[in-house]
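What follows is each chain in one-letter form.
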Amino acid sequence: MEYYKITSEEIDVNQVITSVIRPEAGAINTFIGTVREFTGEKQTVSLQYEAYPSMAEKQLKRIGIEIREQWPNVQTSIVHRIGKLAISDIAVVIAVASPHRAESYEASRYAIERIKEIVPIWKKEYWTDGQEWIGDQLENTAYKNGAPKEEKE
Amino acid sequence: MITVLFFAKQQEQLGLEKVERSESKLPVSELKQKLIEDYPELSLANTMTAINEEYAEEDQIINDRDVVAFIPPVSGG
């Protein structure tokens, strides 16, 4: 059974994977997003994710619908963690099951890119030398076509 | 009466998670203008608006009992 969830608990990766298993699937692609310590010169100590949970879950569901429109036989589950996370903690898990492998890679990539565009989740980085909400530090992440633009990596 | 929600940096700027406002039947752009006047420390640059958990355009009308949320650039994933 597909599911789309915001949680403040540790994510059970296996549970996300098993949720998309079905006899028609010949591939399950799993994306795991983790907390990165170094971004260029910046050293992250920890980070805090905040969400508008009810809307975020709706937007995750919407991503699932968009995926189904492009890859009709694909099953998707997405779980995003919020709260305080340490280096290497799992922040997001996406599991995509499909009859053949190509669609599972494509749909998984699509899901993570869309999360960075339309899902109301915010990350606050705590660095060795300060802290900042990510996404608006340059004040130039303008919205286009009614949805937030992708964060620059 | 409408409810206005703030998140992330804007929530910190205001020290507020939400406010109840008496106005309704006004477009998003007008509510933004009023909020900026009432809270000079608030920046709504690059901010999307959601009405009842759906993204809304600047000219969309906010009705009585709607929940309006300001969505600064997102950074999940």
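Residues numbered from 1 in each chain as written. Chains lettered and ligands numbered in written order. Predicted model: local features only at pLDDT ≥ 70, side-chain atom pairs only at ≥ 80, totals over all residues. Heavy atoms only, no water.

Draft legend 1. Looking closely at the overall build of chain A. When you go through chain A residue by residue, the secondary structure sums to 3 helices and 9 strands. Scanning chain A from its N terminus toward the C terminus, one meets helices and strands in the order β-α-β-β-β-α-β-β-β-α-β-β. Classification of the 153 residues of chain A by burial places 48% in the buried group. For chain A, restricting intrachain contacts to residue pairs at least 6 apart in sequence, the fraction spanning at least 24 positions comes to 75%. (Helix = DSSP H or I, 4+ residues; strand = E, 2+ residues; numbered from the N terminus. Buried < 20%, exposed > 50% of the residue type's maximum accessible area, 1.4 Å probe, protein only. Contact = heavy atoms within 4.5 Å.)

Draft legend 2. Just the packing of helix 2 (residues 53-70) of chain A against helix 3 (residues 101-118) of chain A, in detail. All names here are of chain A. In the contact formed by helix 2 and helix 3, the axes pass within 10 Å of each other and the chain directions differ by 145°. Regarding helix 2 and helix 3, the two cross each other, and that crossing is right-handed. For the pair formed by helix 2 and helix 3, the contact residues are Gln 59, Leu 60, Arg 62, Ile 63, Glu 66, Ile 67 and Gln 70 on the first element and Ala 107, Tyr 110, Ala 111, Arg 114, Ile 115 and Ile 118 on the second. For the contact of helix 2 with helix 3, the residue count by class is 8 nonpolar, 2 polar and 3 charged. (Axes fitted to C-alpha atoms, helices over the stretch in contact; angles between N-to-C directions. Left-handed = near helix turned anticlockwise from the far one by under 90°. Nonpolar A, V, L, I, M, F, W, Y, C, P; charged D, E, K, R; others polar.)

Draft legend 3. Seen up close, the nonpolar core. Core analysis: the largest hydrophobic core is formed by 39 residues, its most contacted members being Ile 63, Ile 78 and Ile 115 of chain A together with Ile 71 of chain B. Listed by contribution, the elements that provide at least two residues to this core are strand 1 (4-7), strand 4 (42-51), helix 2, strand 7 (90-98), helix 3 and strand 8 (121-127) of chain A together with strand 4 (48-51) and strand 7 (67-71) of chain B. (Core = buried A, V, L, I, M, F, W, Y, C linked by side-chain atoms within 4.5 Å.)

Draft legend 4. Summary view of the pattern of salt bridges. In total, this model carries 13 salt bridges over all chains according to the counting rule given. One salt bridge connects Glu 53 of chain B with Lys 58 of chain A, and the closest N-O pair in it is separated by 3.1 Å. You can see Glu 53 of chain B sitting in the loop between strand 4 and strand 5 (54-56) and its partner Lys 58 of chain A sitting in helix 2, one on each of two chains. Under the relative-accessibility criterion, Glu 53 of chain B is labelled buried at 17%. Residue class for Lys 58 of chain A comes out partly exposed when judged on its relative accessible area of 36%. For the salt bridge of Glu 125 of chain A with Lys 123 of chain A, the shortest nitrogen-to-oxygen distance reads 3.9 Å. When its relative accessible area of 7% is taken as the criterion, Glu 125 of chain A is described as buried. (Salt bridge = Lys/Arg side-chain N within 4 Å of Asp/Glu carboxyl O.)

Draft legend 5. Spatial organisation of helix 2 (residues 28-38) of chain B. Burial in helix 2 of chain B covers these residues: Val 28, Leu 31, Lys 32 and Leu 35 of chain B. Relative to the axis of helix 2 of chain B, the buried residues are bounded by an arc of 100° and lie together on one face. (Arc of directions from axis to C-beta.)

Draft legend 6. Inspection of the side chain of Ser 77 of chain A at higher detail. Residue and element names in this part refer to chain A. You can see Ser 77 is positioned in strand 5 (residues 75-81). At 2.9 Å, the side chain of Ser 77 and the backbone nitrogen of Tyr 3 are in polar contact. Among the polar contacts listed, one links the side chain of Ser 77 to the side chain of Ser 19, at a separation of 2.8 Å. For Ser 77, the contacting residues outside a window of four places in its chain are Met 1, Glu 2, Tyr 3, Val 16, Ser 19, Val 20, Val 93, Ile 94 and Ala 95. (Polar contact = N/O pair within 3.5 Å; in protein donor to acceptor, adjacent residues only side chain to side chain.)

Draft legend 7. Representation of the sheet that holds strand 7 of chain B in the model. All names here are of chain B. What the 5 strands build is an open sheet, ordered 2-1-7-4-5; its pairing is mixed. Lying at the two open borders of the sheet, with one neighbouring strand each, are strand 2 (18-21) and strand 5. Ignoring which end each strand starts from, the neighbouring axes of this sheet average 30° apart. As defined by bridge partners, strand 4 adjoins strand 5 across 3 bridges and the pair is classed as antiparallel. If you follow Thr 49 over to strand 5, its bridge partner there is Ala 56. (Pairing = 2+ DSSP bridges.)

Draft legend 8. Structural detail: the packing of aromatic side chains. The full count for this structure, using the stated rule, is 4 aromatic pairs over all chains. Between Trp 122 of chain A and Phe 7 of chain B, the ring centres sit 4.9 Å apart and the planes meet at 15°, which makes this aromatic pair stacked. One end of the pair, Trp 122 of chain A, is in strand 8; the other, Phe 7 of chain B, is in the loop between strand 1 (2-5) and helix 1 (8-14), on a second chain. When the centroid spacing of 5.9 Å and the interplanar angle of 20° are considered together, the rings of Phe 6 of chain B and Phe 70 of chain B count as stacked. (Phe/Tyr/Trp six-rings, centres within 6.5 Å; stacked < 30°, edge-to-face > 60°.)

Draft legend 9. Here's a closer look at the interface of chain B and chain A. Every contact between the two is made by 26 residues of chain B and, on the other side, 37 residues of chain A. Taking both partners together, chain B and chain A bury about 2600 Å²; carbon and sulfur atoms supply 54% of that area. Here chain B is connected to chain A by 14 residue pairs in polar contact (both at pLDDT 80 or more). Elements supplying a minimum of two residues to the side of chain B that touches chain A: helix 1, strand 4, strand 5 and strand 7 of chain B. Here the side of chain B that touches chain A gets 4 residues from one element, more than from any other, and that element is helix 1 of chain B. Looking at the side of chain B that touches chain A residue by residue, the classes come out as 13 nonpolar, 8 polar and 5 charged. (Buried area = accessible area lost by both parts, 1.4 Å probe.)

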